[in-house]
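Remarks on the overall topology
Each chain, written out:
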Amino acid sequence: MGMTITEKILAKAANKKTVRPGELIDAKIDVVMCHDVTTPAAISMLVEKGIDKVFDKDKIVVTPDHFQPAKDVKSAELHRRLDRWARRHQITHYYELGRAGVCHALLPEQGHIRPGEVIVGGDSHTCTYGAFAAFSTGIGSTDLAAAIATGKLWFKVPASMKLVLNGSLAPGVYSKDVILAIIARIGTDGALYQAMEFVGLALSEMSMEARMTMTNMAIEAGAKNGIMAFDDTTKRYLDEHLKDEKEYTVYESDADAAYVRVEEFDCSAFEPMVALPHLPSGGVPIGDCAGEAMDQAYIGSCTNGRIEDLRIAAKILKGKKVAIRTIVVPATPTIWKQAMDEGLFDIFYDAGCVISAPTCGACLGGFMGVLAEGEKCVSTTNRNFVGRMGHPKSEVYLASPATAAASAIQGKLTDPRGYI
Amino acid sequence: MSRAHVYNRDHINTDEIIPARYLNTDDEQELAKHCLEDLDEGFVDKVAEGDIIVGGEDFGCGSSREHAVWAIRGAKVQTVIARTFARIFYRNAINCGFYLIESPEAPDHINDGDDIEINYEAGYVMNKTTGAEIKFNPLPDFAVEIINDGGLLEHVKKSM
């Protein structure tokens, strides 16, 4: 029997010919992503255990992002611990304030993600990089410490679920709507412990930015990783972004690979979706919730803070005024500059939005846009759990950048198709 | 006695277990002060050493923050019993040497405040209040080995 892309990558990483779902393996890690919340604890563990070393200073990518620039004294201490460690070990790819950005937007943009590789990061949304036909998964601090010191980790090979995206998306409907519709169907644990493998026409028509929005949210269905096959779109992105090592191995799923579940979707029938509080699986078509009054709109994050997202929002906001607080967060310094150079900042400024520095910030209720008791926010982020963006009695409504922008103009949940 | 704190709900997530506003520290005692704060504000005042948290399906879903396990361990909770656990939370617990009990049935036989005794090796939960005895599948051998070694780092140190 054949293997899926996920199984092939893990087999190679474990130096085996084949692996099967459920099998325990020791896999070699190609890239370790480190940020300011989970890495300082990993560093302390390594020091305490007397194994304060890094397996390869070229294969660890470090960027503060969650609370950068430091939001308070305690987060400043976290940044200082991260900084001292990165310098002590002369980490090659250490992005400091000014070049640091939201990790899952930054790593692909800076050419650290290659097909066929195994990537781990101390952040649950590390599954984002699977859009590049890589195996990529989020880990906690202890795993991170082990990966940093040894370049290896234990994994249970996940079974794969295939999600077939048939048809083409209608105007005003985006990859965010697709992933919200998928999670609404299968649930927040619908892919628990599994690989979500996306295929189909709608996917092949998406940009890499749009694809990353979908793999980013694989964890919101409980998945271990999200993965997509390599194609011309992947190649074009890599040709543009890979810097030094430009070689990589492309794996494809075999025709007779085994899937525990196959789900088909008619993407041509999809409408803009909004995930109602308090689970990412709470997605409903915009028609079912339009008119709900909002207090804030948030356009940014590792899900939807890339240049394409900002262009979509700007196109809708051009010449309009926002009716509620609207926060735009370009995910990386490069995106920030690109948006400024393209004139998007003028559009956002004229509309009455605020533009922040790259940070995860308010997405996780950290700072730069935290919600008060009872407030509601339409947000392009990935989680709407209780208290996620602030007060436990605040509410988050997940949507695409287009829906967030249209809703910002109206001050209430609004169908973006009226603005396109 | 080990008292059960029952939260009869699925998808209890890491933001409820330890809200992100407290992630500016990784100090376990500091985190423990806010354990389950957005789920049950009074939890830290009523929990005692050795107590047990009981949840539904997909316990610990969301973020990869190991802080969620540390907050629970820091609050001196003995274990969490849930129908199922989210993947990263489960893995983090094993990696830092904290035993979790996955049992689709056990939550049906435990009420809030019941006195619970657990036999980890034999794999059963004894409800001393009701007399019910519920079996569970013990952790796989490799996980027990990691826990017995004192966590993943001690475990990998052996082969370094």
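Please read these numbers as outputs of a predicted model, since none were measured by experiment.

**Remarks on the sheet that holds strand β6 (residues 124-127) of chain B**
Residue and element names in this part refer to chain B. Taken in spatial order, the three strands of this open sheet run β5-β6-β7, and their pairing is antiparallel. Only two strands of the sheet have a single partner each, and these edge strands are β5 (116-119) and β7 (133-135). Strand-to-strand twist of the sheet, defined as the mean angle between neighbouring strand axes without regard to direction, takes the value 20°.

**Section: the pattern of salt bridges**
Residue and element names in this part refer to chain A. Summed over all chains, the structure comprises 35 salt bridges over all chains. Its salt-bridge partner being R87, residue E96 comes within 2.6 Å of it at the nearest N-O pair. Under the relative-accessibility criterion, E96 is labelled partly exposed at 34%.

**Topic: the interface of chain B and chain A**
Across the boundary between the two partners, chain B contributes 39 residues, which contact 51 residues of chain A. Contact between chain B and chain A buries roughly 3700 Å² in total, counting both sides, with carbon and sulfur atoms accounting for 60%. The largest share of the area that chain B buries against chain A comes from R87(B), R91(B) and L153(B), three residues that together contribute 21% of it. The tally of links between chain B and chain A comes to four salt bridges. For R81(A), the salt bridge goes to D26(B), with nearest N and O atoms at 2.8 Å. In this assembly, chain B and chain A are joined by 19 residue pairs in polar contact (both at pLDDT 80 or more). At the level of elements, α1 (14-17), α4 (67-74), α5 (87-95), α6 (141-148) and α7 (152-157) of chain B are the ones that each hand at least two residues to the side of chain B that touches chain A. Top contributing element to the side of chain B that touches chain A by residue count: α5(B), with six residues. Residue classes in the side of chain B that touches chain A are distributed as 15 nonpolar, ten polar and 14 charged.

**As for the domain arrangement of chain A**
All names here are of chain A. Domain boundaries assigned for chain A yield domain 1 (5-265) and domain 2 (282-419). Relative to domain 2, the C-alpha centre of domain 1 lies at a distance of 24 Å. Contacts between the two partners involve 35 residues from domain 1 and, on the opposite side, 32 residues from domain 2. Both sides together, the interface formed by domain 1 and domain 2 hides about 2600 Å², and carbon and sulfur atoms give 61% of it. Summed over the three residues of domain 1 that lose the most area to domain 2, namely V102, Y174 and K176, the buried surface amounts to 21% of that side. Across the contact surface, domain 1 and domain 2 share one salt bridge.

**Some points on the state of the cysteines**
A disulfide bridge is the covalent bond that connects two cysteines by way of their sulfur atoms. Residues and elements named next belong to chain A. Applying the stated rule across the entire model yields zero disulfides over all chains. Considering cysteine sulfurs only, C377 is the nearest to C289, which forms no disulfide, with 14 Å between them. The class of C289 is buried, set by a relative accessible area of 9%.

**As for empty space enclosed by the protein**
Scanning all chains against the criterion turns up two cavities of 30 Å³ or more. Of the volumes computed, that of the largest cavity is approximately 210 Å³. Together, 23 residues line the largest cavity, and H66(A), D123(A), H125(A), L364(A) and R388(A) are the ones closest to its centre. Among the elements of the structure, α4 (103-109) and α10 (301-304) of chain A are those that each provide at least two residues to the lining of the largest cavity. When its residues are assigned to classes, the lining of the largest cavity shows eight nonpolar, eleven polar and four charged. Shared between two domains, the lining of the largest cavity holds at least three residues of each, these being domain 1 (5-265) and domain 2 (282-419) of chain A. Space inside the second largest cavity adds up to approximately 100 Å³. Taken together, 15 residues make up the lining of the second largest cavity; nearest its centre are I219(A), G222(A), C61(B), G62(B) and A86(B). Here the lining of the second largest cavity is built from residues that sort into seven nonpolar, five polar and three charged.

What counts as what
- Residues numbered from 1 in each chain as written.
- Chains lettered and ligands numbered in written order.
- Predicted model: local features only at pLDDT ≥ 70, side-chain atom pairs only at ≥ 80, totals over all residues.
- Heavy atoms only, no water.
- Pairing = 2+ DSSP bridges.
- Helix = DSSP H or I, 4+ residues; strand = E, 2+ residues; numbered from the N terminus.
- Axes fitted to C-alpha atoms, helices over the stretch in contact; angles between N-to-C directions.
- Salt bridge = Lys/Arg side-chain N within 4 Å of Asp/Glu carboxyl O.
- Buried < 20%, exposed > 50% of the residue type's maximum accessible area, 1.4 Å probe, protein only.
- Contact = heavy atoms within 4.5 Å.
- Buried area = accessible area lost by both parts, 1.4 Å probe.
- Polar contact = N/O pair within 3.5 Å; in protein donor to acceptor, adjacent residues only side chain to side chain.
- Nonpolar A, V, L, I, M, F, W, Y, C, P; charged D, E, K, R; others polar.
- Domains from an automatic or database assignment.
- Disulfide = S-S within 2.5 Å.
- 1 Å grid on protein atoms, 1.4 Å probe; cavity = no way out; pocket = protein on both sides within 12 Å on 5 of 7 lines; lining within 4 Å.
- Points joined across faces, edges and corners; volume = space filled by probe spheres on them.

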